[in-house]
Amino acid sequence: MPKIGRKVLGVSRTFPQDSAEMTRLVLFDIDGTLIRTGGAGVRAFERTADLIHGRPRGTDSLRFHGRTDTSLVREFLRTHRIPDTPWNVRHFLDAYVFLLDAELRHGAGELCPGVREYIQALRALPEPPLLGLLTGNVRLGAALKLAAHGLTDEFVLGAFGDDHEDRNQLAVIARDRANRRLGRRLEGHEIVVIGDTVADIECAHHIGARCLAVSTGGMSLSDLLAHSPAVAVESLEEPVAGTVVGPGHAVSVPTDWESLYRVGDTRWDKGQPAPGLADFLARNPSLPKSRVLVPGCGRGHDAVAWARAGHRVQGLDLAPSAVADAALRAPSDLPAGSLEFVAGDFLAARPSEPAFDFIFEHTLFCAISPNRRDEYLEAIWRHLRPGGSFLALHYLQPRDPSGPPFGVTVAEILRRFGTRLELVGHWVPPSFEGRQHRERFFHWRRPAGGIGKSGS
Ligand SMILES: [Mg+2]
């Protein structure tokens, strides 16, 4: 049976610059993202529970990170067997904002690093996006926190903890408010959500938006990355944070392949093996049974074709959702152990030895940022045994810096791979409709020894 392998974290592909330029809405979380209140909100909650309900330390069991105020109040009420009626919730929150105001006046809080500069940079863009809030704070609580740090006038819209208890629904509400303001429906890729918790990442995914995750709220970068934000940074001071939303920050930004799979935006997936691969396997029925790696396997159609031809196959992809889908769809009648799917980064993986007899790829090279193409060749070298074959079905197009797909030419392929690998042949393969004569099949062999010394 196919299995899902370990999850390897990392991002290695770039977001097309022209798509990044289309960001029309940036939604900020407040606590831990814009502001660290020094615990003012938590203390105000605790004091409210005591003042209104006579429950000193009554909020000790609540976990505040990423929650909406309304859901916190309801949980408090239920925990203490107090009816969570709308009136009780409202009454609690009214007292809470009063006490929050008092707490904020004590002034222990601070802006998170880089916030003011980041907002200024957004405003300075040729076509500045709308700036909004996406926060679990009730509207008045949010206003008090922003006012305490001079941010009151920075945001033109928002969704708040008194709009809905569920943060994912807040994302929908914020987007819909922006739609009304702009007079049109925003697409997910036009929206960026900036936040410091898993809840922020998840609500971005919920509306198909990109998430810029910041670790200024206490969660570690690796914990944030485990939930597949588009980008994760220590703080908004990091230059890469600016690349998510606009031109003038010409650094490449990783494509969030995981989000694209989650929202089903996988136009490259044709639902069947590449015709060029099917043709190659049909014309070579007596290939020795081999270990085959299919990097960038997506939902696994090509990997299945190799397994059907009798080989032992590993499909590898950055997106855990693609890998999970591939494992689910894999035919059940294949011999045990003939097919596995692993979530991982082909460019980053460091196998202990080059174990594969064949590496086959289809439209992976063109999806990787051109400045990482040397790493791609190194990765081939680390995975392919001496004497093994690298088979690549390349999508060709004139040089285009605004991919993916990025520009790929026959001349570059021959020059780049010819430095280390021996060319067996290349030809025009059969292709999916619309791609005819835009693909080329290359068959390379890693020298059995001698030529092309091992890379660093
Ligand atoms: Mg937060």
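Structure shown above.
What this report covers is the structure whose coordinates are included nearby. (Residues numbered from 1 in each chain as written. Predicted model: local features only at pLDDT ≥ 70, side-chain atom pairs only at ≥ 80, totals over all residues. Heavy atoms only, no water.)

Overview of the pairing of strand 6 (residues 130–134)
Logical step 1: Taking burial as the measure, the five residues of strand 6 include five buried ones, the bulk of the element.
Logical step 2: Because side chains alternate across strand 6, one face comprises the buried residues Leu130, Gly132 and Leu134, and the other comprises Leu131 and Leu133, equally buried.
Logical step 3: Sheet analysis places strand 6 next to strand 7 (residues 157–159), joined by three bridges and oriented parallel. Bridged to Leu134 within strand 7 is Ala159.
Logical step 4: Each parallel crossover has a hand, and the one from strand 6 via helix 6 (residues 139–148) to strand 7 is right-handed. (Buried < 20%, exposed > 50% of the residue type's maximum accessible area, 1.4 Å probe, protein only. Helix = DSSP H or I, 4+ residues; strand = E, 2+ residues; numbered from the N terminus. Pairing = 2+ DSSP bridges. Right-handed = clockwise from strand over helix to strand, strands pointing away.)

Some words on the coordination of the magnesium ion
Logical step 1: Coordination sphere of the magnesium ion, protein contribution only: Asp29 (OD), Asp31 (O) and Asp196 (OD), at 2.1 to 2.2 Å.
Logical step 2: Here the donor residues for the magnesium ion map to a single chain with the spacing D-x1-D-x164-D.
Logical step 3: When its relative accessible area of 6% is taken as the criterion, Asp29 is described as buried.
Logical step 4: Exposure remark for Asp31: the relative accessible area of 28% places this residue in the partly exposed category. (Donors = N, O, S within 2.8 Å, 3.2 Å for Na, K, Ca; no water.)

Re the packing of helix 7 (residues 167–182) against helix 8 (residues 198–206)
Logical step 1: Running from N to C, helix 7 and helix 8 point in directions that differ by 50°, and their axes come no closer than 8 Å. When the axis of helix 7 is compared with that of helix 8, the two are oblique. The handedness of the crossing between helix 7 and helix 8 comes out as right-handed. On helix 8, the residues that touch Arg167, Asn168, Gln169, Ala171 and Val172 of helix 7 are Ala199, Asp200, Glu202, Cys203 and His206.
Logical step 2: Among the residues forming the contact of helix 7 with helix 8, the class breakdown is four nonpolar, three polar and three charged. (Axes fitted to C-alpha atoms, helices over the stretch in contact; angles between N-to-C directions. Parallel < 35°, antiparallel > 145°, perpendicular 65-115°, else oblique. Left-handed = near helix turned anticlockwise from the far one by under 90°. Contact = heavy atoms within 4.5 Å. Nonpolar A, V, L, I, M, F, W, Y, C, P; charged D, E, K, R; others polar.)

Thoughts on the packing of helix 4 (residues 86–105) against helix 6
Logical step 1: Where helix 4 meets helix 6, the closest approach of the two axes is 9 Å, and the angle between their N-to-C directions is 10°. When the interaxial angle is binned, helix 4 and helix 6 end up roughly parallel. In contact with Tyr96, Val97, Leu100, Asp101 and Leu104 of helix 4, helix 6 contributes Leu140, Gly141, Leu144 and Lys145.
Logical step 2: Here the contact of helix 4 with helix 6 is composed, by residue class, of six nonpolar, one polar and two charged.

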